[in-house]
Structures are given as structure tokens and as C-alpha cells.
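# Coordinates in review
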Amino acid sequence: MKLSELSKDKSGLIAGINGDARFISRITSIGLTPGCRLTVIKNEKRRPILVYSRDTMIALNRNECDLIDVEEIAQGEAV
């Protein structure tokens, strides 16, 4: 699923990052790498998506989130 499809308060693991080299470089430089765990803090329509990962809050626009594939993690599931 795409990161933009992950609901508020849901967690996921980044499965893959698509896009051009510039986008991939920028996203990985802020710590969002394949295998990284994240939690969606806010996902409201037509607004940036706010995620929490590696002790950091990150705001991503919806187009960027459509380029990031995630696997949802069930509540309480260990990684």
C-alpha cells in the first residue's frame, strides 16, 4: 500500500521508495529508508501527512507519499 493510504495512528514499515534519484536521495537523507518503522500522526484529505519515525516528526506532501510503499504493522506487533 502507499503511505498516503495508511490511516491516522497506524504504523507501517517502508517496503520501497519509488521516484527519481533526487527524491530518493532526499527521502533517505531524512531517515526514511526501506525497513524503517513509522507511525502516521495526521492524515487529513488535501493536507500534508505527518509521520513519526526515528524520534522525528516529518511532514510529507501527498504526492511524495504516493511514491513510498509501506506494509502495515498490526498494533503491538514486534519488528
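So, here is what we can say about the structure in this document. (Residues numbered from 1 in each chain as written. Predicted model: local features only at pLDDT ≥ 70, side-chain atom pairs only at ≥ 80, totals over all residues. Heavy atoms only, no water.)

### Some points on the overall build of the chain
Note the cut-off: Secondary structure elements follow DSSP: runs of H or I no shorter than four residues count as helices, runs of E no shorter than two count as strands, and numbering proceeds from the N terminus. When we talk radius of gyration, it's over C-alpha atoms, and the globule rule is simply 2.2 Å times the number of residues to the 0.38.
From N to C terminus, the chain includes 2 helices and 5 strands. In the chain, the order of α-helices and β-strands from amino to carboxyl end is β-α-β-β-β-α-β. At 11 Å, the chain has a C-alpha radius of gyration in line with the 12 Å of a compact globule built from 79 residues. Over its C-alpha atoms, taken along the principal directions, the chain stretches across nearly 35 × 30 × 25 Å.

### Thoughts on the environment of Leu-6
Quick reminder of the rule: The contact criterion used is simple: two residues touch if any of their non-hydrogen atoms lie within 4.5 Å.
By the element assignment, Leu-6 lies in the segment before β1 (11-17). As a C-alpha pair, Leu-6 and Arg-47 span 41 residues in sequence and 14 Å in three-dimensional space. Apart from residues no more than four positions distant in its own chain, Leu-6 is found in contact with Met-1, Ser-11, Gly-12, Leu-38, Val-40, Asn-43, Val-70 and Glu-72.

### Some remarks on the side chain of Ser-11
We apply this condition: The cut-offs for exposure are 20% and 50% of the maximum accessible area for each residue type, with area from a 1.4 Å probe on protein chains only; residues under the lower value are buried, those over the upper are exposed, and the others partly exposed. Polar contacts here mean pairs of N or O atoms no more than 3.5 Å apart (in protein, one a potential hydrogen donor and the other a potential acceptor; neighbouring residues in sequence count only if both atoms are side-chain atoms).
Relative to the helices and strands, Ser-11 resides in strand β1. Taking relative accessible area as the criterion, Ser-11 reaches 5% and is therefore assigned buried. Within the structure, Ser-11 has its side chain in polar contact with the side chain of Thr-39 (distance 3.0 Å).

### A short note on the pairing of strand β4 (residues 56-60)
Threshold: Strands are labelled as partners when DSSP assigns at least two bridges between them.
Bridging between strand β3 (residues 49-53) and β4 involves 5 bridges; their strand directions are antiparallel. Looking at β4, one finds that Val-51 is bridged to Ile-58.

### Considering the sheet that holds β3
Note the following rule: For helices, the fitted axis covers only the stretch in contact; all axes are lines through C-alpha atoms, and the angles between them, taken along N-to-C directions, range from 0 to 180 degrees.
Ordered in space as β4-β3-β2-β1-β5, the 5 strands form an open sheet in which the pairing is antiparallel. Sheet topology places β4 and β5 (68-73) at the edges, where each strand pairs with a single neighbour. Strand after strand, the sheet turns through a mean of 40° between neighbouring axes, direction not considered. Pairing of β1 with strand β2 (residues 37-42) involves 3 bridges; the strand directions are antiparallel. For Leu-13, the partnering residue across the bridge sits in β2 and is Arg-37. Docked against the sheet, helix α1 (residues 21-29) engages β1, β4 and β5, running at close to 145° with respect to β1.

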